[in-house]
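One-letter residues, chain by chain:
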Amino acid sequence: MPSDRLGDADDPGPIRSEPGSLLEHVVVAVFGIDDEDRVCYWGPGARNLFGHEAGSVLTRPAAVLFPEPAPGEGPGGAAHLAERARTLGYWRVRLPALHRDGSVFDCGFRVFPMTGATGASVVIGLASRGDELDRVKTNLSFLDALFETCPIGLVMLDEELRYVHLNQALADMDGVPPDEHLGRRMADIMITADGGEYQRMLRSVADEGRTVIGALVGLRTPGRPDRDQVRSVSFFPLTGAGDTRRGVGGLLLDVTDRERAILEATAARQRLALLDRAAAGIGTTLDLNTTARELVDAVVPEFCDASVVELVEWMDETEAFDPALPVATRRIASGTTLPEPAVQLVSGLEEVTYPPGSHTHQMLSTGRPLCFTVDQDFATRTVVHQQRAQLLLDSGLTCILMAPLIARGTVQGIAMFGRSGARPAFAEADLGLAGELASRAALCLDNARLYGKVRDIALTLQRALLPSAPAAGPYVDISHRYLPGSRGTEVGGDWYDAITLPDDRVALVVGDVMGHGVPAAAAMGRLRITAKTLARHTAEPAALVEELDACAQEAGIEWATFLYLLYDPHTGRATIANAGHPPPLVRHRDGTVHAVDDVLGVPLGVGGVPYRSIEVEIPEGATVALYTDGLVEARGQDIDTGIDALRDQLRAPLGSLEEGADRILANLLPDAATDDTVLVLARIGAVPGRPPGAGTGSPPRASS
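Thresholds applied
- Residues numbered from 1 in each chain as written.
- Predicted model: local features only at pLDDT ≥ 70, side-chain atom pairs only at ≥ 80, totals over all residues.
- Heavy atoms only, no water.
- Helix = DSSP H or I, 4+ residues; strand = E, 2+ residues; numbered from the N terminus.
- Buried < 20%, exposed > 50% of the residue type's maximum accessible area, 1.4 Å probe, protein only.
- Contact = heavy atoms within 4.5 Å.
- Areas by Shrake-Rupley, 256 points an atom, 1.4 Å probe, with all protein chains shown as cover.
- Phe/Tyr/Trp six-rings, centres within 6.5 Å; stacked < 30°, edge-to-face > 60°.
- Expected span 1.5 Å × (residues − 1).
- Pairing = 2+ DSSP bridges.
- Patch = residues over 30% accessible without salt bridge, like charges linked within 9 Å, V, L, I, M, F, W, Y side chains within 5 Å.
- Salt bridge = Lys/Arg side-chain N within 4 Å of Asp/Glu carboxyl O.
- Axes fitted to C-alpha atoms, helices over the stretch in contact; angles between N-to-C directions.
- Arc of directions from axis to C-beta.

A.B. asks: How would you explain the overall build of the protein if you had to name every residue and give the values?
C.D. replies: Scanning the protein from terminus to terminus reveals 18 helices and 28 strands. Considering the protein as a whole, with its 704 residues, one finds that 45% of them fall into the buried category. Intrachain contacts of the protein at a sequence separation of at least 6 include 62% that bridge at least 24 residues. As displayed, the protein offers around 33,900 Å² of accessible surface, 54% of which is attributable to carbon and sulfur atoms.

A.B. asks: Describe in detail the packing of aromatic side chains, supporting the description with residues and values.
C.D. replies: Inspection of the entire model under this criterion finds 11 aromatic pairs. Aromatic pair Phe31 and Phe50: ring centres 6.2 Å apart, planes at 90 degrees, arrangement edge-to-face. Of the two residues, Phe31 sits in strand S2 (residues 27-33) while Phe50 sits in helix H1 (residues 44-50), which places them 19 residues apart along the sequence. With respect to burial, Phe31 and Phe50 carry one shared label: buried. Judged by centre distance (6.1 Å) and plane angle (50 degrees), the rings of Phe50 and Phe105 are tilted. Highlighted residues: Phe50 in helix H1 and Phe105 in strand S5 (residues 104-115), separated in sequence by 55 residues. Neither residue differs from the other here; Phe50 and Phe105 are each classed as buried. The structure contains a cluster of three or more aromatic residues connected by ring pairs, namely Phe31, Trp42, Phe50, Phe66, Phe105 and Phe109.

A.B. asks: Lay out helix H15 (residues 517-537) with the relevant residues and their values.
C.D. replies: With 21 residues, H15 extends 31 Å between its outermost C-alpha atoms, agreeing within 8% with the 30 Å of an ideal straight helix rising 1.5 Å per residue. Every buried residue of H15 is accounted for by Gly517, Ala520, Ala521, Ala523, Met524, Gly525, Leu527, Arg528, Ala531, Leu534 and Ala535.

A.B. asks: Go over the pairing of strand S20 (residues 506-516) with me, naming the residues and quoting the values.
C.D. replies: Burial analysis of S20 places 8 of its 11 residues in the buried class, which makes it a mostly covered element. Bridging between S20 and strand S21 (residues 560-568) involves 8 bridges; their strand directions are antiparallel. The partner of Val509 across the bridge, within S21, is Tyr564.

A.B. asks: Now, about a nonpolar patch on the surface: what can you tell me, with residues and values included?
C.D. replies: Residues Leu140, Phe142 and Leu143 make up a contiguous nonpolar surface patch of about 280 Å² in total accessible area. Its place among the elements puts Phe142 in helix H4 (residues 130-149).

A.B. asks: Residue-level account of the sheet that holds strand S23 (residues 585-587), with values.
C.D. replies: Spatially, 5 strands are ordered S18-S27-S26-S23-S24 in an open sheet, and the strand pairing comes out antiparallel. Among the strands making up the open sheet, the edge pair consists of strand S18 (476-483) and strand S24 (593-595). With direction set aside, neighbouring strand axes in the sheet form an average angle of 20 degrees. Examined bridge by bridge, S23 and S24 share 3 bridges and lie antiparallel to one another. Residue pairing in the sheet places Val586 in a bridge with His594 of S24. Along the sheet face, helix H17 (residues 639-651) touches S23, S24, strand S26 (623-627) and strand S27 (677-684) and points at about 20 degrees away from the line of S23. Sheet contacts for helix H18 (residues 657-668): S18, S26 and S27; angle to S18, the most-contacted strand, approximately 30 degrees.

A.B. asks: Give me the lowdown on helix H16 (residues 541-554), citing residues and values where you can.
C.D. replies: The terminal C-alpha atoms of H16, which comprises 14 residues, lie 20 Å apart, in line with the 20 Å expected from a rise of 1.5 Å per residue. Those residues of H16 that fall on the buried side of the exposure criterion are Pro541, Ala542, Leu544, Val545, Leu548, Asp549 and Ala552. Buried residues of H16 fall within an arc of 155 degrees about the axis and therefore sit on the same side. Where H16 ends, the next residue or the one after it, Gly556, has phi of about 80 degrees, a positive value.

A.B. asks: I'd like to hear about unusual backbone geometry, residue by residue, with values.
C.D. replies: It is generally the case that most residues other than glycine have a negative phi and that most peptide bonds are trans. Pro301 follows Val300 through a cis peptide bond whose omega is 5 degrees. Mapping Pro301 onto the fold places it in the loop between helix H9 (288-299) and strand S12 (306-312). In this chain, Glu340 is followed by Pro341 through a cis amide linkage whose omega measures 10 degrees. Within the fold, Pro341 resides in the loop between strand S13 (327-336) and helix H10 (342-347). One non-glycine residue, Thr59, lies in positive phi territory at about 70 degrees. Mapped onto the secondary structure, Thr59 falls in the loop between helix H2 (54-57) and helix H3 (77-88). The exposure class of Thr59 is exposed, given its relative accessible area of 59%. Even without being a glycine, Leu161 presents a positive backbone phi close to 60 degrees.

This is the structure we're talking about:
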């Protein structure tokens with residue numbers, strides 16, 4: 001070992017530990033002590049640690065590097081180091097050291113003897129600051145504890161992505177002991193089904209120095225082949241230390257439970273949102289088919305790939321369900337996003353029969369939603385016809401969830417939801433959602449069913465009370481139309497009549513009772529019968545309306561409009577009384593149309609206001625149009641606008657009265673009218689023996 005390194009020209013600087021390690025930034029001072037305890041070698045690191053230049057310390061006693069010992073403490077630090085090195089062969093100790101500036105600092109020493117070629121013995125000392133050594137020890141201790149106790153998987157891979165080092169936490173995740181990892185490629189342990197994307201990501205870290213943070217990877221391992229895992233992985237490049245090769249370091253965290261919880265929470269929120277939308281969208285009308293259609297639209301495709309709603313055709317609603325008997329249903333709504341033959345499966349049948357022992361019977365027996373796998377057994381037990389069973393097997397559906405539609409203790413029908421293999425099978429939470437949807441739909445269907453019964457009763461009552469074929473005598477042709485409102489509205493109190501009276505006179509009547517349903521139909525019937533009776537005994541229309549108003553008040557009818565037109569063909573004159581009803585329109589032969597709106601009284605049932613009548617002439621060939629407000633009044637439209645539209649329709653050539661009535665209704669009414677409508681067209685014929693000039697259209701004449 002040369003001892004003449006006195007200058008700085010060849011000084012390479014401080015000696016440090018190998019780059020890339022924890023010791024990289026720890027300065028190591030190297031010095032030598034000869035047999036006389038003098039400094040015989042002084043390395044660059046020693047100059048930095050102790051502050052002495054080589055020329056000022058070489059050949060001097062090594063005691064210059066240590067503080068003076070206290071009286072009675074024995075030999076100084078230098079002598080003690082040299083003695084222990086020669087005696088023990090290697091010694092490690094922490095001693096106070098002295099800097100050139102006089103400061104004392106804690107220092108760690110490692111000393112050992114060396115014998116040169118001449119036989120002389122030299123003690124070599126390696127020294128570093130104590131605080132820097134403590135920092136390295138702390139870091140090493142932290143890393144040791146990290147690998148031993150950290151619940152996060154830690155791994156080191158070489159450039160070929162083979163395991164070099166890993167902790168027990170990662171081995172537990174994989175279900176493979178640590179020593180069985182070493183030397184194997186990561187792709188052999190973490191088996192993914194992502195087409196190699198995970199391996200390409202690792203390769204980019206090793207080759208390009210990329211850093212990956214928090215990537216989610218789905219995988220299985222040989223140690224846990226039946227368990228799907230999701231891991232959050234972070235990888236970073238490792239810098240080569242000395243002659244070691246580059247590699248990849250990684251942290252892996254098993255987040256399977258977290259991700260499953262997130263997925264389940266997301267699914268729960270989606271189910272709640274679907275239920276909320278369904279609650280708002282099902283039952284918007286009181287129509288059975290519409291309500292069933294709303295249920296299907298709510299679940300397809302968000303909840304399932306196909307759905308049907310069927311009503312059970314009970315012989316007697318009070319009869320208990322008998323699982324030994326077939327169940328007959330009527331399919332009223334269906335929908336699917338799947339191609340044929342699924343479309344034909346859900347929509348190609350209206351009447352369905354389920355044989356005893358079917359899965360439908362099983363579901364109805366429990367009264368709860370049930371899920372079934374679509375297989376040969378299911379198709380055979382549930383579908384009567386073999387062709388339909390094969391259609392089910394070929395439809396692409398893999399599971400079907402059945403839910404009973406139960407409301408007010410009665411099974412209304414069945415809702416079925418089907419999923420294809422492209423979706424996961426129904427879970428327990430899906431059964432609960434299906435039950436909630438079915439419960440909501442069942443109540444709405446039952447409301448629609450009950451409303452339909454009441455509406456049918458009211459409609460039957462109303463039609464029974466209206467004239468089936470009113471006759472108007474030999475000189476007046478009549479065409480009449482009555483159209484109830486759409487299925488989603490209740491029956492109103494619209495009515496009409498044509499009454500033949502002595503001397504060939506004809507009374508045309510039209511009215512409208514406020515309200516809907518059975519009460520309105522009953523009130524309409526009372527007014528019609530009363531008006532017909534009064535017409536035979538009351539000659540003056542104004543007096544008839546006053547009598548009818550009194551009868552309405554006695555019967556508790558608070559509001560009803562009424563128009564009475566009494567026509568005498570021998571004079572060509574008509575007397576009209578009006579109780580708040582839209583005015584009649586008269587169409588002349590030349591196509592001109594005018595309204596008889598000079599007389600208007602308050603509606604029936606109001607009372608306290610006298611009525612009057614007006615007399616007008618109606619020429620031969622003229623057509624009188626009587627109607628209710630359902631024909632001319634619409635939401636957002638003034639009634640005068642509707643009357644003008646009817647006037648325009650009357651100006652066109654009518655042809656026969658039947659054709660004219662159909663054309664007017666088709667042009668003026670929407671597809672789904674919201675109110676009942678009455679239209680009466682009366683055409684005045686020629687009367688033999690009528691005096692010349694009669695019925696030529698002279699001005700109207702009012703009377704009390």
